[in-house]
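# Summary of structural features
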Amino acid sequence: MAISTFRASLLKGFLGYFFLLCGSSISHGQTPVNVYDRCSTSLEGYWKYIVDPYENGFYNYRLEAFDEQDNPSKNAFFTDSKPADRSELLEYDFDLSDSIYVPGDWNSQKEKLFYYEGTVWYRRHFDYTKQDSSNRVFLYFGAVNNRCHVYLNGIKIGQHTGGFTPFSFEVTALLKDTGNSLVVKVDNKRIKEGVPTLNTDWWNYGGITREVSLVETPETYVEDYSVHLARDKPGTLQGSVLLNGSLKAGRQVQVRIPELQKSIQVLTDDKGMASFSLPVDTLRLWSDQDPKRYKVILSTGQDSVSEWIGFRNISVKGRDILLNGRPVFLKGISIHEESPVRKGRAHTREDARILLGWARELGCNFVRLAHYPHNEHMVRLADSLGMLVWEEIPVYWTIAWENPSTYNNAAKQLNEVIRRDKNRASVIIWSMANETPTSPTRTQFLTDLATLTRSLDPTRLISAALEQSALNGNPKIRTIEDNFARVVDILSFNQYIGWYDGLPDKAREISWKIEQEKPVFISEFGGGAKQGLHGDKYTRWTEEYQEFLYEENLKMLSGIEQLRGMSPWILVDFRSPRRMLPEIQDGWNRKGLISEEGIKKKAFYSLQKYYLTKE
Ligand code: GCU
């Protein structure tokens, strides 16, 4: 069976459920989307933790998993046990262990865990009384990097793989009014079949890196919904809504947009699903120039949820990217999810405000959130700022293309980020991959991901950082011969002329010959500089060298007729275990236009000046 047929059959088994319902990214059996507008109780704070590199709390000495036993031993950390009497032997005790803050990675909180890659157990005690006895309760995680097993009151409630997307478990039946014990086993070891795989150029921050909360809903609630501008019917909004609960079928759902004096009643089918169209005569479209959003309220029975949604259309036509039918140039910058203030994984609204604030100061109308889905505050803030967004999953470099579980992992992460962000006007591009070596299995893997993405969300564009190459072996003429270029809507690629490829003035000898009649987007270019290091423009690591590189690259790239945007690498210096040059890198990738202390380098102003010419 060919890889893609085999994978497609796996996919249907694994994700077919989502297509079955509605061919879009809304699906059953999960926490309500938009937890921010829900009755939720945060579990933020100090949790106990135990570092467990030999997974002694998960396996017995014969490497048998405790949670596969009928009556798990008290040695299993998830039982959160204490000795029954002074004689009993137990070799762990959460109460006597150290504490760590959640949300937050462990690397930047605990010096002894700075480089740690392995298992850490977290334990949180909490009391919980439901607001109404008939309500349901879900345990929600914004993200855990990278794999986790979750236990409540000694019972395994589930596990999740993927370090950058939300997940949840219903805990209604397990909760006690007092003394709940939540235990989470987190493992951030890099593995070859993982997504990402073993080699990355970013810090492998482990831990419960985003918020954890208990989300309470009525027995039958609005689990999922999408509302967007119809692509082929101007002046029409389209949407779907999914209920969950015993009363989900044949139920009235009201969708209201008060500012437009619009309201519609829809009836759900036997699966709790309903789709709708809503003609709107006067609609202010969302754009980077005018990020207009409308409050949309969806209600059924005792449940009501609301969301501020911008309505816009994004498409490509020949060489142009059209936002609401108008050609737009994407004045972008790439960003890693690191907090410029606290260091470590960014996860707060304040982190988002700083990072997107710097992007705006640079003159950007676009950000590439590299190389994995960032926290939800980033895309919600981008919605309100009018910042267009490229989101991607960490299909990065040398992924195990032949491995079906690797594909399912990537597909699931795509599904989860599309499910989370499908109502975000700012998100215009889903990227399938970054700098992946071309091969038939790699291109099939990416093509299958693109097919899945278009089935889940036909309203956005698809891209990937493709491979560029020398035309007919002539290194002075560059082109795109990557087979995946046939599939994407936007031709994106990374190029490092002046850094990994010659010196900055080499850009004067290079021309680009791109045949495809599609928009071209430079997803990365750049070079390193140690902030505050000055010298002549040919001295590597000086701010002058980086400035010279930007100026020569911007001139060269402006010669590409189909150029419709760029996201130079990168806004801020970021941690990487690959960058160990003493006194210059010291564990930091120095390609930022801003240092990790928030100080701008000279090249920041070169790019800012260029973007002013693109107004
Ligand atoms: C690559 C890669 C980035 C990396 C950058 C660099 O293009 O996509 O993740 O950090 O090069 O070498 O700095």
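Note that the structure is predicted; figures quoted are calculated from it, not measured. (Residues numbered from 1 in each chain as written. Predicted model: local features only at pLDDT ≥ 70, side-chain atom pairs only at ≥ 80, totals over all residues. Heavy atoms only, no water.)

A few words on the confidence of the model for the chain. Per-residue confidence for the chain gives a mean pLDDT of 94; residues scoring 70 or more make up 95%. Of the regions scoring below 50 in pLDDT, residues 12-28 engages in 49 contacts with residues more than four places distant in sequence or in other chains. (pLDDT = per-residue confidence, 0-100. Contact = heavy atoms within 4.5 Å.)

Moving on to the packing of helix H4 (residues 404-421) against helix H5 (residues 440-456). Across the interface, H4 lies against H5 with an axial gap of 10 Å and an inter-helix angle of 30 degrees. When the axis of H4 is compared with that of H5, the two are roughly parallel. With respect to the hand of their crossing, H4 and H5 are arranged in right-handed fashion. When H4 is examined against H5, the residues Thr-406, Tyr-407, Ala-410, Ala-411, Leu-414, Asn-415 and Ile-418 are found in contact with a partner set consisting of Phe-445, Asp-448, Leu-449, Leu-452, Thr-453 and Leu-456. (Axes fitted to C-alpha atoms, helices over the stretch in contact; angles between N-to-C directions. Helix = DSSP H or I, 4+ residues; strand = E, 2+ residues; numbered from the N terminus. Parallel < 35°, antiparallel > 145°, perpendicular 65-115°, else oblique. Left-handed = near helix turned anticlockwise from the far one by under 90°.)

Attention now goes to the UniProt feature "domain: Glycoside hydrolase family 2 catalytic" (unreviewed entry) in the chain. Under the UniProt annotation, the feature "domain: Glycoside hydrolase family 2 catalytic" (unreviewed entry) is placed at residues 314-552. End-to-end, the C-alpha atoms of residues 314-552 are 31 Å apart, and along that stretch the chain is 29% helix and 25% strand. (UniProt positions renumbered as here; feature names shortened; annotations may be inferred.)

Moving on to the site of the ligand. Residues in close proximity to the ligand total 14 residues, the closest being Asp-201, Glu-435, Tyr-500, Glu-524 and Lys-591. A distance of 2.5 Å separates an oxygen atom of the ligand from a polar side-chain atom of Tyr-500. Measuring from an oxygen atom of the ligand, one finds a side-chain N or O atom of Lys-591 at 2.6 Å. Its free accessible area being 310 Å², the ligand has 97% of it covered by the protein chains. Of the residues belonging to the shell around the ligand, the class tally is 5 nonpolar, 4 polar and 5 charged. (Near = heavy atom within 4 Å. Polar contact = N/O pair within 3.5 Å; in protein donor to acceptor, adjacent residues only side chain to side chain. Areas by Shrake-Rupley, 256 points an atom, 1.4 Å probe, with all protein chains shown as cover. Nonpolar A, V, L, I, M, F, W, Y, C, P; charged D, E, K, R; others polar.)

A few words now on the environment of Ser-523. Looking at where Ser-523 falls in the secondary structure, it is placed in strand E30 (residues 520-524). Residue classification places Ser-523 among the buried residues on the basis of a relative accessible area of 0%. In this structure the C-alpha to C-alpha distance between Ser-523 and Tyr-101, which are 422 residues apart in sequence, comes to 35 Å. The contact partners of Ser-523, leaving out residues within four places of it in the chain, are Ser-334, Arg-368, Trp-390, Ala-465, Ser-492, Phe-493, Asn-494 and Ser-567. Engagement of the side chain of Ser-523 in a polar contact is seen with the side chain of Asn-494, the distance being 2.6 Å. (Buried < 20%, exposed > 50% of the residue type's maximum accessible area, 1.4 Å probe, protein only.)

If you look at the biggest cluster of nonpolar residues, it comprises 84 residues, and the most contacted ones within it are Ile-333, Val-395, Leu-449, Met-566 and Leu-607. When sequence neighbours within four positions are dropped, the list of residues in contact with Val-395 reads Val-195, Trp-401, Ala-410, Met-432, Ala-433, Asn-434, Thr-436, Phe-445, Leu-446 and Leu-449. (Core = buried A, V, L, I, M, F, W, Y, C linked by side-chain atoms within 4.5 Å.)

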